[in-house]
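Overview (structure and organization)
If you want the building blocks of each chain, they are given just below.
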Amino acid sequence: MIKNYIKTAWRNLIRNKSYTAINIVGLAVGIAACLLIFLVIHFETSFDNFHKKKDQIYRIVTVSKTPDGNDYGTGVPWPVTPALRVDYPQLLVASIFENGGQISVLNNDAQTVKKFSEDKVYFIEPQFFEIFDYAWLAGDKKTALNEPNTAVLTQDVAEKYFGNWKDAIGKTIKYENKNLLKITGILKNMPANTDMDLKVVISNETIKNTNIKGNLKDWVSIYSSHYCFVVLPSNMPIVLFNNDLAAFVKKHKPAEYAKQGMAVQPLTEMHYDDRLGVFNGSTFSKDLIRILSLVGLFLLIIACVNFINLATAQAVNRSKEVGIRKVLGSNRPQLIFQFINETFIITITAVVLAIIISEIALSSVNQLLAIKLEGSFLLDGTVLIFLGGVIIGVTFLAGFYPAMVLSGFSPITALKNKIAASSTSGISLRRGLVVFQFCIAQILVIGTLIIISQMDYFRNASLGFDKEAVITVPIPNDSISHLKIKAIGNQLLQQPGIKDVSFSFTSPSDNNGWGSDFKYNNSPKKTDFGASLKWADAEYFKLYNLKFVAGGPYLNSDSLNGYVVNEALLKKLGVNDPKSAIGKYINLWDDKKRIRRITGVVKDFNISSLSQAIPPVLMGSWKDVYQTINIKLKGNNLKQTLSSVEKLWNGTFPEYVYSYQFLDEKISLFYQQQDQLSALCKIFAGIAIFISCLGLYGLISFMAVQRTKEVGIRKTLGASVSHIVYLFSKEFTFLILIAFAISAPVGWYLMNKWLQAFAYKISIGPGIFILAIAASVIIAWLTVGYKAIRAALANPVISLRSE
């Protein structure tokens, strides 16, 4: 019996090739999009879930109370970890400090043979590997990092340095051209789904021999990349430990910094918490996961809608078949099973095609989202369960209603050929489903247009400084290198392709920040807000064309001789007249060397992404902390100029690795996640429109066949081709306009809510909605028009000769 059902279903599908092809292609594209979205979500939700203690691991974070609410920070002061061990000896605690730096590979004679600039260098305590379960290829995780000047490499880094990771054990490398480190272990390469992408791991004890040793007893200063992790007992409530942390802070921190509290963040939340961020990357918020899930579901549903529309429209063609089957003894459940079986065959075929499409698209998805999805996803049991659910869900969602319609025909009516397309109880539903399809498609189109407009605004908005033709080159972070700054600056200015040179801690817009509170105008109290500190020489203002609203830059000097502030800082202080601030004192850290007058006030400029408001900024000169050479290029002979810069840099700092970055490229990285979202929306909107138009094409094809005689009669009575085309197009145009009336306010609401996350944003004007509806109508007309014109041009003699 089942074999007969399958054979009959297969014959019916082969007989209606175009109907079958449209359904398979529509479902395949929808399922492929849904599958890829599922793979992305499955990957993003798997981060650091392989650790045995994952549900007990927490990161200690800083929570600072400000007049505008709570500010969250990933880092904690250096003494927090040892103090927690003393106050809570029952807890397992470990710190990790992310710093980056240069690694030099030495030969047996202690001579440098290779140099590498590594972003992912971490100082880690041995206890870290008792908390986190990373696989070791060589070395003992309990002792490998006990001693100072020891290091552990991952397999890929060891092979990059020494050729074979097995040869690395016992070898020596040099960190920042200063610290000699003995390799005591090799880690297996980090899995793709971890936020802690370790590469070079140095023992925490080595910090005492670096230039950051002065902070090890400082309870006030916070490095955002100094993390502390703790393992809590499974029966300890988080609220209880957070209360303990409040007492811990009160005990150890100076009273005036009590506003800098602490709290715990579960490891299982770290990858999704966009208040804080993660190691070397951006978070993947749960809101984004929910949005992608809904988009994937809707794309699958509109593919099913095509099936339902076409199946119910085709019902009239199969009415006689149903009548004969009922006369020969088939009951309704048997007919339902027959039609569900046909849907099942189409769905299975579509899933196979969707898997092939997904495999082909996988590399593009990886490149677009900067992730590492594996092509062997069919070996993942979760993916197989998902595909099984899709097959069952699509089969019943797409097949059940058409099966009920087809199996419900009266055999007498069917055999008398009195069933018309309009009497299959599906015409109103078909209209509703077409409206639903285009609602989803138009919401995605509206969203895409708004995201594109916002991204164009980001790229073209004035940042308050000149970012064009500027490269930034890092300066080695040691005292000897800082003595060479003046010499290399003069040499660079002699190059014909260089317009200006400045030295600073960072460029005007940079993710690497430094903030602090201060005292203003001899006040005994510190401000209740922090200022972003921008250490730079006086040439910085000229190079970046920063505009002054009062006063001017401080004098060029290696040491601090004055401050420049921005308008936002004065606004926070309640100072309305910038000129009145000139000559007032700024006291930083109660350090006599840091008490200086304000010499100028600059117009506000953006120091980070345009999603954030401009914070208070305090600028001064301090040669010892400069990390960046800012070079303004003239624009001609660019290649030769860049080559000259590299040659001069290598001649001045031969022990270090040269690198540079164009400032506008660095700034564009602020919007990487928004760029990815924009690309995804374009793809999803395109898929939604494609599937919707595929359904329209199927429906208009069916209508053209059903109304062949009607068209012939109309043409015989004098109807023009344009009138026939209008006849076919008017209903679908009306349905698309209804869809737009629904989708426009929904799209506006959703995208207006999305825009609220940005301090600087576009206003949603009517042009976006006009473009969205125009695009939808034109695409629909093009889809309908081809078949409508063919029907209108058909010879009426041929269509009427059977009458």
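Please read all numbers here as calculations on a predicted model, not as lab measurements.

1. Some words on the overall build of the protein chain
Scanning the protein chain from N- to C-terminus turns up 25 helices and 25 strands. Per-residue burial over the protein chain gives 52% buried out of 803 residues. Taking the intrachain contacts of the protein chain between residues at least 6 apart in sequence as the baseline, contacts between residues at least 24 apart amount to 79%.

2. Re the confidence of the model for the protein chain
On average, residues of the protein chain carry a pLDDT of 84, and 87% of them reach 70 or more. The low-confidence segment residues 419-426, where pLDDT is below 50, has 20 contacts with residues more than four positions distant or belonging to other chains.

3. Describing the packing of aromatic side chains
Here the distance between the centres and the angle between the planes together describe a pair of aromatic rings. Under the definition given, this model contains 41 aromatic pairs. Arranged with centres 5.0 Å apart and planes meeting at 65 degrees, the rings of Tyr540 and Tyr544 form a pair that is edge-to-face. Each of the two residues, Tyr540 as well as Tyr544, counts as buried. Members of the aromatic cluster, connected to one another through ring pairs, are Phe50, Phe128, Phe129, Phe132, Tyr134, Trp136 and Phe229. Against the face of Trp622 rests Arg594, its NZ or CZ located 3.9 Å from the ring centre.

4. Some remarks on a nonpolar patch on the surface
A grouping of Phe344, Ile348, Val352, Leu353, Ile356, Ile357 and Ile360 is seen on the molecular surface, where their side chains present a nonpolar patch of about 560 Å² in accessible area. Locating Ile357 in the fold gives a position in helix α10 (residues 332-369). Taking the relative accessible area as the measure of exposure, Ile357 reaches 31% and is therefore partly exposed.

5. What about the packing of helix α15 (residues 485-493) against helix α19 (residues 638-652)?
Packed helices, taken two at a time, are described by the angle their axes make and the gap between the axes. Packing of α15 against α19 leaves a shortest axis separation of 10 Å and a crossing angle of 160 degrees. When the axes of α15 and α19 are compared, the pair comes out roughly antiparallel. Regarding α15 and α19, the two cross each other, and that crossing is right-handed. Between α15, through Ile488, Gln491 and Leu492, and α19, the contact on the second element is made entirely by Val645, Leu648, Trp649 and Thr652. Considered class by class, the residues forming the contact of α15 with α19 number 5 nonpolar, 2 polar and no charged.

6. What to know about the sheet that holds strand β24 (residues 628-633)
The strand order across the open sheet formed by 4 strands is β15-β24-β14-β25, and the pairing between neighbours is antiparallel. Each edge of the open sheet is held by one strand with a lone partner, namely β15 (498-504) and β25 (661-662). As judged from the 2 bridges shared by strand β14 (residues 470-474) and β25, these two strands associate in the antiparallel manner. Each residue of the ladder has a partner; that of Thr472, found in β25, is Gln661. Across the face of the sheet, α15 comes into contact with β15 and β24 while running at roughly 165 degrees to β15.

7. Let's talk about unusual backbone geometry
What is expected of a backbone is that most residues other than glycine have negative phi and most peptide bonds are trans. Of note, the phi angle at Asn521 is positive, near 55 degrees, even though the residue is not glycine. With respect to the helices and strands, the residue Asn521 is situated in the loop between β17 (519-520) and β18 (531-535). The exposure class of Asn521 is partly exposed, given its relative accessible area of 36%. The backbone phi angle of Asn522 is positive, close to 65 degrees, even though this residue is not glycine. Assignment of secondary structure puts Asn522 in the loop between β17 and β18.

8. A few points about the environment of Val394
Its place among the elements puts Val394 in helix α11 (residues 381-407). The sequence separation of Val394 and Ile301 amounts to 93 residues, and the corresponding C-alpha distance is 8.3 Å. Those residues in contact with Val394 that lie beyond four places of it in its chain are Leu27, Leu300, Cys304, Thr343, Thr347 and Gly399.

9. Let's talk about the pattern of salt bridges
With the rule as written, the count across this model stands at 14 salt bridges. A salt bridge links Asp466 to Lys632, with the nearest nitrogen and oxygen atoms 2.6 Å apart. Residue Asp466 is located in the loop between α13 (427-460) and β14, and its partner Lys632 is located in strand β24; the two are separated by 166 residues in the primary sequence. Its relative accessible area of 26% is what places Asp466 among the partly exposed residues. The buried category is assigned to Lys632, whose relative accessible area is 9%. Note that Lys519 and Asp590 form a salt bridge whose closest N and O atoms lie 3.0 Å from each other. A residue pair is termed long-range when its members are at least 10 positions apart, and Lys519 in strand β17 and Asp590 in the loop between β21 (585-587) and β22 (595-602) qualify at 71 residues. What makes Asp590 partly exposed here is its relative accessible area of 45%.

10. Comments concerning the side chain of Asn587
You can see Asn587 is positioned in strand β21. When neighbours within four sequence positions are excluded, Asn587 is seen to be in contact with Phe518, Lys519, Arg594 and Ile595.

11. Description of the pairing of strand β11 (residues 200-203)
Burial along β11 is two-sided: Val200 and Ile202 facing one way and Val201 and Ser203 facing the other are all buried. Pairing of strand β6 (residues 121-124) with β11, which is carried by 4 bridges, proceeds in the parallel orientation. Bridge assignment links Phe123 to a residue of β11, and that residue is Ile202. Pairing of strand β8 (residues 150-154) with β11 involves 3 bridges; the strand directions are antiparallel. Bridge pairing in β11 links Leu153 to Val200.

12. Considerations on the nonpolar core
Grouped together as the largest cluster of nonpolar side chains are 126 residues, with contacts concentrated most on Leu27, Leu299, Leu546 and Met619. The dominant element in this core, judged by the number of residues it contributes, is helix α2 (residues 17-44), at 18 residues. Residues in contact with Leu546, not counting those within four places in the same chain, are Gly464, Phe465, Tyr540, Phe541, Val602, Phe605 and Met619. Core analysis: the second largest hydrophobic core is formed by 43 residues, Ile498, Phe505, Trp649 and Phe653 among them.

13. A word on the side chain of Asn204
For Asn204, the location among the structural elements is in the loop between β11 and β12 (226-231). The class of Asn204 is buried, set by a relative accessible area of 17%. Excluding anything up to four places from it in sequence, Asn204 contacts Ser95, Phe123, Ile124 and Glu125.

Reading the values: rules and limits
- Residues numbered from 1 in each chain as written.
- Predicted model: local features only at pLDDT ≥ 70, side-chain atom pairs only at ≥ 80, totals over all residues.
- Heavy atoms only, no water.
- Helix = DSSP H or I, 4+ residues; strand = E, 2+ residues; numbered from the N terminus.
- Buried < 20%, exposed > 50% of the residue type's maximum accessible area, 1.4 Å probe, protein only.
- Contact = heavy atoms within 4.5 Å.
- pLDDT = per-residue confidence, 0-100.
- Phe/Tyr/Trp six-rings, centres within 6.5 Å; stacked < 30°, edge-to-face > 60°.
- Lys NZ or Arg CZ within 6 Å of the ring centre and 35° of its normal.
- Patch = residues over 30% accessible without salt bridge, like charges linked within 9 Å, V, L, I, M, F, W, Y side chains within 5 Å.
- Areas by Shrake-Rupley, 256 points an atom, 1.4 Å probe, with all protein chains shown as cover.
- Salt bridge = Lys/Arg side-chain N within 4 Å of Asp/Glu carboxyl O.
- Axes fitted to C-alpha atoms, helices over the stretch in contact; angles between N-to-C directions.
- Parallel < 35°, antiparallel > 145°, perpendicular 65-115°, else oblique.
- Left-handed = near helix turned anticlockwise from the far one by under 90°.
- Nonpolar A, V, L, I, M, F, W, Y, C, P; charged D, E, K, R; others polar.
- Pairing = 2+ DSSP bridges.
- Core = buried A, V, L, I, M, F, W, Y, C linked by side-chain atoms within 4.5 Å.

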